[in-house]
Amino acid sequence: MEYKALKFEVNVVNQVTLSFDAPRITPSKKFPGKNMIWYGIKELINGENGFNASESLHAMIQASGAKKNDMIEIKKCIGDKFAYFTVNGKTLDDYNKLAASTNEVEVVNSFTE
């Protein structure tokens, strides 16, 4: 199977359907100590069948509870100093506030983009 990654454009909402319950996580050869996180998705019209996720994007997808065959919306945004993502319209801060209000463990302490 050939992998074709979805590239996220700024301010474009991407609707994707997950192909698996969990991503494929492997050690990065390019960045020692970091992981490559690959989410398989149902093939899009241009042939994209997955995407690479940052640690914070991965944390948000996990916090959303999305599993195989679930459709999620991912949007790449530009802040004052860095790029960040939203998942189903929520930021990482939104997911952390939700976790705090339900006495769950914080999703991620800070952005790693």
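Scroll up to find the structure this text is about.
Worth saying up front: this structure is predicted, and the values here are computed from it rather than measured. (Residues numbered from 1 in each chain as written. Predicted model: local features only at pLDDT ≥ 70, side-chain atom pairs only at ≥ 80, totals over all residues. Heavy atoms only, no water.)

Asks: Help me understand the packing of aromatic side chains in this model?
Replies: Counted by the stated rule, this structure contains 5 aromatic pairs. Aromatic pair Phe8 and Phe85: ring centres 5.4 Å apart, planes at 75°, arrangement edge-to-face. Placement of Phe8 in the segment before β1 (13-17) and of Phe85 in strand β6 (residues 83-87) is noted, with a sequence separation of 77 residues between them. Phe85 matches Phe8 in its accessibility class, with the two residues each being buried. Plain terms: the ring middles of Tyr39 and Phe51 are 5.3 Å apart, the flat faces sit at 10° to each other, and that makes the pair stacked. Here Tyr39, found in strand β3 (residues 35-40), pairs with Phe51, found in strand β4 (residues 50-53); they are 12 residues apart in sequence, far enough to count as distant. Every member of this aromatic cluster is reached through a ring pair, and the members are Phe8, Tyr39, Phe51 and Phe85. (Phe/Tyr/Trp six-rings, centres within 6.5 Å; stacked < 30°, edge-to-face > 60°. Helix = DSSP H or I, 4+ residues; strand = E, 2+ residues; numbered from the N terminus. Buried < 20%, exposed > 50% of the residue type's maximum accessible area, 1.4 Å probe, protein only.)

Asks: Any chance you could explain helix α1 (residues 55-64) here in plain terms?
Replies: For an α-helix the count is 3.6 residues per turn, leaving residues at separations of three or four pointing the same way. Every buried residue of α1 is accounted for by Ser56, Leu57, His58, Ala59, Met60 and Ile61. Lining the buried residues of α1 we find β2 (24-27), β3, β4, β5 (71-78), β6 and α2 (92-101). Positive phi shows up at Gly65, right after α1, with a value of about 80°. (Contact = heavy atoms within 4.5 Å.)

Asks: When you look at the environment of Ala22 in this model, what are you seeing that I'm missing?
Replies: Note on placement: Ala22 falls in the loop between β1 and β2. Here the alpha-carbon distance between Ala22 and Ile37, two residues 15 residues apart in the chain, equals 9.8 Å.

Asks: In this structure, what is going on with the sheet that holds β5? I would like to understand it.
Replies: What holds strands together in a sheet is hydrogen bonding between their backbones, with the strands either parallel or antiparallel. Ordered by their spatial adjacency, 3 strands build an open sheet running β1-β5-β6, and the pairing between neighbours is antiparallel. Edge positions in the sheet fall to β1 and β6, since each of these pairs with one other strand and no more. Across the sheet, the mean angle separating the axes of adjacent strands is 25° when strand polarity is ignored. Inspection of the sheet shows β5 paired to β6 by 5 bridges, in the antiparallel sense. Bridged to Lys75 within β6 is Thr86. (Pairing = 2+ DSSP bridges. Axes fitted to C-alpha atoms, helices over the stretch in contact; angles between N-to-C directions.)

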